[in-house]
Amino acid sequence: NAGVTQTPKFRVLKTGQSMTLLCAQDMNHEYMYWYRQDPGMGLRLIHYSVGEGTTAKGEVPDGYNVSRLKKQNFLLGLESAAPSQTSVYFCASSPPGGITGELFFGEGSRLTVL
Amino acid sequence: GENVEQHPSTLSVQEGDSAVIKCTYSDSASNYFPWYKQELGKGPQLIIDIRSNVGEKKDQRIAVTLNKTAKHFSLHITETQPEDSAVYFCAASDNDMRFGAGTRLTVKP
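Residues numbered from 1 in each chain as written. Chains lettered and ligands numbered in written order. Predicted model: local features only at pLDDT ≥ 70, side-chain atom pairs only at ≥ 80, totals over all residues. Heavy atoms only, no water.

A. Up close: the layout of surface pockets. Considering only enclosed or pocket space, the largest pocket measures out at about 800 Å³ in volume. For the largest pocket, the lining is made up of 32 residues, of which A:Q37, A:V88, A:R110, B:Q38 and B:R104 are closest to its centre. Residue assignment for the lining of the largest pocket shows that the elements contributing at least two residues are β9 (87–94) and β11 (109–113) of chain A together with β9 (86–92) and β11 (103–108) of chain B. It is β11(A) that provides the largest number of residues to the lining of the largest pocket, a total of four residues. For the lining of the largest pocket, a count of residues per class yields ten nonpolar, 15 polar and seven charged. If you trace the second largest pocket, you find 23 residues lining it, with A:F105, A:G106, B:G43, B:P44 and B:Q45 closest to the centre. Among the elements of the structure, β1 (4–7) and β10 (104–105) of chain A together with β4 (32–38) and β5 (45–51) of chain B are those that each provide at least two residues to the lining of the second largest pocket. In terms of residue class, the lining of the second largest pocket is built from nine nonpolar, eight polar and six charged. (1 Å grid on protein atoms, 1.4 Å probe; cavity = no way out; pocket = protein on both sides within 12 Å on 5 of 7 lines; lining within 4 Å. Points joined across faces, edges and corners; volume = space filled by probe spheres on them. Helix = DSSP H or I, 4+ residues; strand = E, 2+ residues; numbered from the N terminus. Nonpolar A, V, L, I, M, F, W, Y, C, P; charged D, E, K, R; others polar.)

B. Expanded view of unusual backbone geometry. Cis geometry marks the peptide bond from A:T7 to A:P8, where omega comes out at -10 degrees. Note that A:P8 resides in the loop between β1 and β2 (10–13). The step from B:H7 to B:P8 runs through a cis peptide bond, and the omega angle for that step is -5 degrees. The phi dihedral of B:Q60 falls on the positive side, at around 60 degrees, and the residue is not glycine.

C. Region of interest: empty space enclosed by the protein. Scanning all chains against the criterion turns up one cavity of 30 Å³ or more. In this structure, the largest cavity occupies an estimated 40 Å³ of space. As for the largest cavity, its lining consists of A:Y35, A:L43, A:R44, A:L45, A:E59, B:D96, B:M97, B:R98 and B:F99. Counting residues per element, the ones that place at least two in the lining of the largest cavity are β5 (43–49) of chain A together with β10 (98–99) of chain B. Take the lining of the largest cavity: its biggest share by element is three residues, from β5(A). Across the lining of the largest cavity, the residue classes break down as five nonpolar, no polar and four charged.

Dropping the structure here:
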């Protein structure tokens, strides 16, 4: 099993450009999450999904959109990238019980917005 | 919402010594307290967790203690090894998980 796979691993954007990060999990998990990691700030939840076709806002949702059209995939979109969105993005998944159980993380996607 | 503070931000120990990382949380409703280890270039990985009905949990060289009254919990690593070098994150959750800012642990051979 690959676990949680994120693509791309690195991306450089110019301000105003758009892009999509893809997360795929092969563990048949119901719950999926997108976090951003910034120095000195830990991991902050952007959006999450408790099942196919559902999404919800996390702690820092502004400037991002998500979609969960298939159970195994969770997409994070930036419609108009800003330098403040330079960060490392982590996708995670978990079985039902979600946020009170183990999260399985991908290896991260480093995004730089110039 | 929940607020989690983690100390120290960096910790350097000699191989074989013990390391202790401490976290405090603000929401008394939090009932799940995991610890994640993040190695360079990797995603965080759960190493141990504790729930609010337990005061201490051990797994080989790793232990976590929880003081619900004082709203703090700690990670203890004994007999540290160079492969323990990583960034460690604590978190607290009821239905809203919040992470601490992380501790960079360096174990010097």
